[in-house]
Amino acid sequence: EAGVAQSPRYKIIEKRQSVAFWCNPISGHATLYWYQQILGQGPKLLIQFQNNGVVDDSQLPKDRFSAERLKGVDSTLKIQPAKLEDSAVYLCASSSLTLSFEQYFGPGTRLTVT
Amino acid sequence: GENVEQHPSTLSVQEGDSAVIKCTYSDSASNYFPWYKQELGKRPQLIIDIRSNVGEKKDQRIAVTLNKTAKHFSLHITETQPEDSAVYFCAEGSGYALNFGKGTSLLVTP
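Here we summarise the structure given alongside this text. Quick caveat, the model's predicted, so the values are computed rather than measured.

## Some details on the packing of aromatic side chains
Line of reasoning, step 1. The tally for this structure, following the rule as stated, stands at 14 aromatic pairs over all chains.
Line of reasoning, step 2. With a centroid separation of 5.7 Å and 50° between ring planes, the pair formed by Tyr36(B) and Phe100(B) is classed as tilted. Of this pair, Tyr36(B) sits in strand β4 (residues 32-38) while Phe100(B) is found in strand β10 (residues 99-100), placing the two residues 64 residues apart along the sequence. There is no split in this pair, since Tyr36(B) and Phe100(B) are both buried.
Line of reasoning, step 3. Each residue in the set Tyr33(A), Tyr35(A), Phe105(A), Tyr36(B), Phe89(B) and Phe100(B) is aromatic and connected to the rest through ring pairs, giving one cluster.
Line of reasoning, step 4. In this structure, Arg51(B) packs its charged tip against the face of Phe101(A), placed 4.1 Å from the ring centre.

Right, here's the structure in full:
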């Protein structure tokens, strides 16, 4: 089966600019996650979707981050305006909780804010 | 990773030796404990996982043990090989989002 797809793979922006990331989960996976992984740390959950509804966004900095999954498939994560501390790899993952708890990760988008 | 503590942060072993990484967690409701391997610049990949109704699970050279009473679980890699060198993350969850440890950088020297 095809894996989780993400784009772009790399992005460099200046602080205060905006940026958007795209994720296409594994076909049939109802659950989609966005994680932020700062260099040298483990992934930290930003938001979790079940189909097109938000399950958990308690760690999403809502003053600057937003995410949507309008049709319950693809998802976009946006940062506006970006800060230097947003430099990280943004990982998308998906899972089919009806089959297993395993989360499959995409390749990530490496964001550098200068 | 504030709910999961992982030790050690770095581990260096000689090829053929065993490596052990330990994690502790605080949420009694946690029932799923995966371990991920992440090579430099790559995505995290699941190498083994265990659910709370099982105390130990093995897959070839990799094993995971879980002590729910003490709230800790461990990854054991036997007969280590240079290609085992990577960052390993433990995580815990209750069927939904995962809380990750800060990672252990494992170096296996020939």
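## What to know about the nonpolar core
Line of reasoning, step 1. In terms of nonpolar packing, the biggest core is built from 22 residues, with Trp35(B), Phe73(B), Leu75(B), Ile77(B), Tyr88(B) and Leu106(B) touching the most fellow members.
Line of reasoning, step 2. Of all the secondary-structure elements, those providing two or more residues to this core are β2 (10-14), β3 (19-25), β4, β5 (45-51), β7 (62-67), β8 (72-77), β9 (86-92) and β11 (104-109) of chain B.
Line of reasoning, step 3. Take this core: its biggest share by element is 4 residues, from β3(B).
Line of reasoning, step 4. Those residues in contact with Ile77(B), other than ones at most four positions away along the chain, are Asp17(B), Ser18(B), Ala19(B), Arg61(B), Ile62(B), Asp84(B), Tyr88(B) and Leu106(B).
Line of reasoning, step 5. Membership of the second largest hydrophobic core comes to 21 residues, among which are Val19(A), Trp34(A), Leu46(A) and Cys92(A).

## A word on the interface of chain B and chain A
Line of reasoning, step 1. With 16 residues of chain B at the interface, the matching set in chain A holds 19 residues.
Line of reasoning, step 2. Here chain B packs against chain A, burying approximately 1600 Å² in sum over the two surfaces, 58% of which is carbon and sulfur.
Line of reasoning, step 3. Of all residues in chain B, the largest losses of buried area upon contact with chain A belong to Arg43(B), Tyr96(B) and Phe100(B), amounting jointly to 30% of the total for that side.
Line of reasoning, step 4. The tally of links from chain B across to chain A stands at 0 salt bridges.
Line of reasoning, step 5. Between chain B and chain A we count 4 residue pairs in polar contact (both at pLDDT 80 or more) in total.
Line of reasoning, step 6. Of all elements in the fold, only β4 and β5 of chain B reach the threshold of two or more residues within the side of chain B that touches chain A.
Line of reasoning, step 7. Here the side of chain B that touches chain A gets 3 residues from one element, more than from any other, and that element is β4(B).

## Observations regarding the pairing of β3(B)
Residue and element names in this part refer to chain B.
Line of reasoning, step 1. Side chains of β3 alternate between two faces, with Ala19, Ile21, Cys23 and Tyr25 buried and Val20, Lys22 and Thr24 left unburied.
Line of reasoning, step 2. Pairing of strand β1 (residues 4-7) with β3 involves 4 bridges; the strand directions are antiparallel. Across the sheet, the residue bridging to Val4 is Tyr25, located in β3.
Line of reasoning, step 3. Across 6 bridges, the pairing between β3 and β8 is antiparallel. Of the residues in β8, the one forming a bridge with Ile21 is Leu75.

How each quantity is defined
Residues numbered from 1 in each chain as written. Chains lettered and ligands numbered in written order. Predicted model: local features only at pLDDT ≥ 70, side-chain atom pairs only at ≥ 80, totals over all residues. Heavy atoms only, no water. Phe/Tyr/Trp six-rings, centres within 6.5 Å; stacked < 30°, edge-to-face > 60°. Helix = DSSP H or I, 4+ residues; strand = E, 2+ residues; numbered from the N terminus. Buried < 20%, exposed > 50% of the residue type's maximum accessible area, 1.4 Å probe, protein only. Lys NZ or Arg CZ within 6 Å of the ring centre and 35° of its normal. Core = buried A, V, L, I, M, F, W, Y, C linked by side-chain atoms within 4.5 Å. Contact = heavy atoms within 4.5 Å. Buried area = accessible area lost by both parts, 1.4 Å probe. Salt bridge = Lys/Arg side-chain N within 4 Å of Asp/Glu carboxyl O. Polar contact = N/O pair within 3.5 Å; in protein donor to acceptor, adjacent residues only side chain to side chain. Pairing = 2+ DSSP bridges.

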